[in-house]
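Structural overview for review
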Amino acid sequence: MNRIASFCVDHTKLEKGLYVSRIDGDVITYDLRMCIPNAGSFLENGALHTIEHLFATYVRNSRWTDGIVYVGPMGCRTGFYFLTRDSIPKEEVISLLRETFRFIAGFEGEIPGAAEAECGNFRDHDLAGAKAVAADYAAVLDGWTPERMAYRA
Ligand code: ZN
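In short, a report on the structure. What you are looking at is a predicted structure, and each value in this text was computed from that prediction instead of being measured.

Focus: the coordination of the zinc ion
Distances from the zinc ion to its protein donors, namely His49 (NE2), His53 (NE2) and Cys119 (SG), fall within the range 2.1 to 2.2 Å. Here the donor residues for the zinc ion map to a single chain with the spacing H-x3-H-x65-C. One end of the pair, His53, is in helix H1 (residues 45-60); the other, Cys119, is in the loop between helix H2 (90-105) and helix H3 (127-141), and 66 residues separate them in sequence. There is no split in this pair, since His53 and Cys119 are both buried.

Here is the structure:
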């Protein structure tokens, strides 16, 4: 089988950030890199799971809801995939994600969708962990620009 494009990105050189990984028709896949790969610290599963719930809820309730395709965690627990229509300009994706991660960093109360009937592993949530990760990543996005979204070969 062919090695898929995302495995061809040199993971030994990746910094935290926001990158475009694929364009399929009008769908853009963004990689949200929140941890430096293989550097010892990864997103703990509870925090990753709570971010997933809050991230998806926030963007699907935002002004850009019609352009949101998918939000999901990377299996390596170093970040998230975010798929949008290309109708959302890249500058707006950066703004939306900055807002989203500030929202998560400040979130208090019940995690949306985290009741037993709504979630496949409702006990595995960590709001405090999610907030810490989100605060760190929101700071990464401060000053981020579309020019910085290209993976360096
Ligand atoms: Zn869940």
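Now that the structure has been shown, the text picks up again.
A few points about the environment of Glu108
Counting through the fold element by element, Glu108 comes out in the loop between H2 and H3. Within the structure, Glu108 has its side chain in polar contact with the side chain of Lys131 (distance 2.7 Å).

Focus on the pairing of strand E4 (residues 79-85)
Across the seven residues of E4, five count as buried, placing the element largely inside the fold. Relative to E4, strand E3 (residues 68-73) runs antiparallel, the two sharing five bridges. Residue pairing for E4: Ile68 is matched across the bridge by Thr84. As consecutive antiparallel partners, E3 and E4 are separated by five residues, and within that stretch Arg77 has a phi angle of approximately 60 degrees, a positive value.

Focus on the pattern of salt bridges
Tallying each qualifying case throughout the model produces 10 salt bridges. Between Asp26 and Arg85 there is a salt bridge; the shortest N-O distance is 3.2 Å. Residue Asp26 is found in the loop between strand E1 (17-24) and strand E2 (27-33), and its partner Arg85 is found in strand E4; the two are separated by 59 residues along the sequence. Take Arg85: its relative accessible area is 34%, and that puts it in the partly exposed class. Here Asp142 and Arg98 are joined by a salt bridge, their closest N and O atoms 3.6 Å apart. Of this pair, Asp142 sits in the segment after H3 while Arg98 is found in helix H2, placing the two residues 44 residues apart along the sequence. Look at Asp142 and you get partly exposed, because its relative accessible area is 41%. Judged by its relative accessible area of 18%, Arg98 is buried. If you follow the salt bridges from partner to partner, you end up with Arg63, Glu92 and Glu99 in one network.

Re H3
Every α-helix winds through 3.6 residues per turn, so residues three or four apart in the chain are directed the same way. Spanning 15 residues, H3 covers 21 Å between terminal C-alpha atoms, matching the ideal 21 Å at 1.5 Å per step. Those residues of H3 that are buried lie in contact with E1, E2, H1 and H2. A side-chain oxygen of the first residue of H3 lies 3.4 Å from the backbone nitrogen of Ala128; this N-cap is Asp126. Two residues or fewer after H3 comes Gly143, characterised by a positive phi angle close to 85 degrees.

Calculation notes
Residues numbered from 1 in each chain as written. Predicted model: local features only at pLDDT ≥ 70, side-chain atom pairs only at ≥ 80, totals over all residues. Heavy atoms only, no water. Donors = N, O, S within 2.8 Å, 3.2 Å for Na, K, Ca; no water. Helix = DSSP H or I, 4+ residues; strand = E, 2+ residues; numbered from the N terminus. Buried < 20%, exposed > 50% of the residue type's maximum accessible area, 1.4 Å probe, protein only. Polar contact = N/O pair within 3.5 Å; in protein donor to acceptor, adjacent residues only side chain to side chain. Pairing = 2+ DSSP bridges. Salt bridge = Lys/Arg side-chain N within 4 Å of Asp/Glu carboxyl O. Expected span 1.5 Å × (residues − 1). Contact = heavy atoms within 4.5 Å.

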